[in-house]
Amino acid sequence: MQLVITFMSVVAGLAFSIAVALVVEEWIFGQVFRVFFTHPAKVPTGLALQPVRVKSQQR
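The present account deals with the structure reproduced in this document. (Residues numbered from 1 in each chain as written. Predicted model: local features only at pLDDT ≥ 70, side-chain atom pairs only at ≥ 80, totals over all residues. Heavy atoms only, no water.)

**Description of the overall build of the protein**
Okay, step 1: Within the protein, the secondary structure is distributed over 2 helices and 0 strands.
Okay, step 2: Evaluated residue by residue, the protein yields a buried proportion of 2% over its 59 residues.
Okay, step 3: Accessible area for the protein stands at about 6,300 Å²; split by element, carbon and sulfur atoms hold 69% of it. (Helix = DSSP H or I, 4+ residues; strand = E, 2+ residues; numbered from the N terminus. Buried < 20%, exposed > 50% of the residue type's maximum accessible area, 1.4 Å probe, protein only. Areas by Shrake-Rupley, 256 points an atom, 1.4 Å probe, with all protein chains shown as cover.)

Here you go:
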């Protein structure tokens, strides 16, 4: 039983530590949650990357 209580306290301490770290990062930088909760930018289908051949004389 003591092992279970120890495990629960370690997990709770880790979760609390991560929560405090995220709040502090948000206060300092202000963009932490914006990175996690925004949708990725969509690349238009017409602008797909194409390989380009380079001649040996070009740099």
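This is not the end of the story, as more comes after the structure.
**What to know about a nonpolar patch on the surface**
Okay, step 1: There is a patch of nonpolar side chains on the surface, built from Phe 16, Val 20, Val 23, Val 24, Trp 27, Ile 28 and Phe 29 and spanning about 780 Å² of accessible area.
Okay, step 2: Phe 16 gets classed as exposed once you look at its relative accessible area, which sits at 59%. (Patch = residues over 30% accessible without salt bridge, like charges linked within 9 Å, V, L, I, M, F, W, Y side chains within 5 Å. Salt bridge = Lys/Arg side-chain N within 4 Å of Asp/Glu carboxyl O.)

**Some words on helix 1 (residues 2–28)**
Okay, step 1: The terminal C-alpha atoms of helix 1 lie 39 Å apart, and with 27 residues this matches the ideal 39 Å at 1.5 Å per residue to within 8%.
Okay, step 2: A positive phi of about 75 degrees marks Gly 30, the residue just after helix 1. (Expected span 1.5 Å × (residues − 1).)

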